[in-house]
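# Remarks on the overall topology
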2 protein chains.
Amino acid sequence: MRLLEELIEKLQWLPGIGRKSALRLAFYLQKMDEAKVKELAGTIVRARTSLKECIICHNLTETNPCPICTDKSRVQDRICVVEQPSDVMIIERIGEYRGLYHILHGVISPINNMGPKDLRIDSLLKRVSQNKIDEVIIATNPTTDGDITAVYIAKLLKPLNIKITRIARGLPTGSDIEFADKITIAKALEGRQEI
Amino acid sequence: MRLLEELIEKLQWLPGIGRKSALRLAFYLQKMDEAKVKELAGTIVRARTSLKECIICHNLTETNPCPICTDKSRVQDRICVVEQPSDVMIIERIGEYRGLYHILHGVISPINNMGPKDLRIDSLLKRVSQNKIDEVIIATNPTTDGDITAVYIAKLLKPLNIKITRIARGLPTGSDIEFADKITIAKALEGRQEI
């Protein structure tokens, strides 16, 4: 059982996995096909060792620059700024956006000891000033930190005289005004558009 | 990103991990120390390849028979029957029980297509008849399936003329009668003991 205890300990390194979940995972792994377990473990290691930051957009990639940055069929003069690589994945799944990305790897957050220097902001400024960029869409999360980061980046980009936009705020599609919070309703009214 | 997508897919093989959790885990793994990721993956594989069923009690073990079965300081004439190896781990953590175990690896459950033949019942009967066993404690879960399995095993053990007990049912310590369900209260009254 010592090896099992060791596995249960180590599974708890993962986020959101407490002792009970670790126990469940550990025993589930024992019932899984051995080849599948090896495949999963192998992919975990392979992903960790071969994924690097793209030198242009800072997304995680196996090839450098990444497939999005080198895809000439994409709109080349539009950059969507996001907090995390996972945001790119989510936006790409929707399939509506055809421009480029820039991943900050975080937001300005004094509480988490994250300042502008910890983010990929310098390379964004360089990228925008050295390339023919028409629009920068700031898609950081609609949180206090995300908003502060958006304003901070917008100020730095202002002198470059390009279009800077922020993703829209309002009521989520399919939701109910009755259950929305005050700020969301206020933002939805503020951002109203003619129909 | 293709490797990342592959990792996200494979993480979803695990129980309770949907696409969102897999995404979170995958990106967390990228931020983790590479050596730690390799250690975790290595332990997963090592546990899966080297843990086997103990030939006596059917617990998962690296050595055969397992450390509990070979521990001569334990009470040798008492066997606690449980559903899963995880139950042994939980009971051992409490440290009150000093006897041996027998792991069924499931319960009789027609809905899950599990019959007595799928459980380690035959080896329990053999074990009890071939050794000097004083008491068998049936600690399957207090569920319908667990109860049915307990009754089934008790019937088979009856001719061997040993003490057969079932773990007690009642109100959990620290709980409130007000919030207990009818069956639990009924069982608590039924199992009342003199003080």
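Above this note sits the structure.
Computed from a predicted model, the values in this text were never measured in an experiment.

### Describing the relation of the copies chain A and chain B
For these two chains of identical sequence, chain A goes onto chain B by a turn of 180° and a shift of 0.1 Å along the axis, with RMSD 0.1 Å. A rotation of that kind, with that shift, is consistent with a two-fold axis. Of every C-alpha in chain A, the one belonging to A41(A) sits nearest the axis of rotation, 2.4 Å from it. Both copies share a contact surface, since 96% of the interface residues of chain A are interface residues in chain B too.

### Focus on the side chain of T61(A)
Residue and element names in this part refer to chain A. Turning to its location among the elements, T61 is positioned in strand β2 (residues 60-61). Within the local environment of T61, its side chain forms a polar contact with the backbone oxygen of T63, the two atoms lying 2.5 Å apart. Contacts of T61, omitting those with residues within four sequence positions, involve S50, L51, K52, E53, C54, C66 and P67.

### Thoughts on the packing of aromatic side chains
Tallied over the entire structure, the rule returns two aromatic pairs over all chains. Geometrically, the ring pair formed by Y97(B) and Y101(B) is edge-to-face, given 5.2 Å between the ring centres and 65° between the ring planes. Summarising the burial analysis for this pair, Y97(B) and Y101(B) share the class buried. Cation over ring: K36(A) sits above W13(B), and NZ or CZ is 4.1 Å from the ring centre.

### Points about helix α2 (residues 19-31) of chain A
In this model, α2(A) (13 residues) spans 19 Å end to end at C-alpha, consistent with the 18 Å of a helix rising 1.5 Å per residue. The elements touched by buried residues of α2(A) are α1 (2-11) and α3 (34-50) of chain A together with α3 (34-50), β2 (60-61) and α4 (85-94) of chain B.

### Digging into the pairing of strand β6 (residues 163-166) of chain A
Residue and element names in this part refer to chain A. As paired strands, strand β5 (residues 135-138) and β6 are joined by four bridges and run parallel to one another. Counterpart to I138 in the pairing with β6 is R166. With respect to chirality, the unit in which β5 leads through helix α6 (residues 144-157) into the neighbouring parallel β6 is right-handed.

### Observations regarding the pattern of salt bridges
By the definition in use, this model includes 24 salt bridges over all chains. R74(A) is the salt-bridge partner of E92(A), the closest N and O atoms lying 2.8 Å from each other. Separated by 18 residues along the polypeptide, E92(A) in helix α4 (residues 85-94) and R74(A) in the loop between β2 and β3 (78-82) bring together distant segments of the chain. Classification of E92(A) by relative accessible area gives partly exposed; the value is 28%. In the salt-bridge network here, residues are joined through shared partners; they are E6(A), K10(A), E39(B) and R46(B).

### Remarks on the environment of M114(A)
All names here are of chain A. Looking at the element boundaries, M114 is found in the loop between β4 (100-103) and α5 (122-130). Sequence spacing of M114 and L157 is 43 residues, and the spatial spacing of their C-alpha atoms is 20 Å. Sequence-distant contacts of M114, that is, excluding residues within four places in its chain, are made with H105, G106, V107, I108, S109 and L119.

Conventions we followed
- Residues numbered from 1 in each chain as written.
- Chains lettered and ligands numbered in written order.
- Predicted model: local features only at pLDDT ≥ 70, side-chain atom pairs only at ≥ 80, totals over all residues.
- Heavy atoms only, no water.
- Least-squares fit on C-alpha atoms with pLDDT ≥ 70 in both.
- Contact = heavy atoms within 4.5 Å.
- Helix = DSSP H or I, 4+ residues; strand = E, 2+ residues; numbered from the N terminus.
- Polar contact = N/O pair within 3.5 Å; in protein donor to acceptor, adjacent residues only side chain to side chain.
- Phe/Tyr/Trp six-rings, centres within 6.5 Å; stacked < 30°, edge-to-face > 60°.
- Buried < 20%, exposed > 50% of the residue type's maximum accessible area, 1.4 Å probe, protein only.
- Lys NZ or Arg CZ within 6 Å of the ring centre and 35° of its normal.
- Expected span 1.5 Å × (residues − 1).
- Pairing = 2+ DSSP bridges.
- Right-handed = clockwise from strand over helix to strand, strands pointing away.
- Salt bridge = Lys/Arg side-chain N within 4 Å of Asp/Glu carboxyl O.

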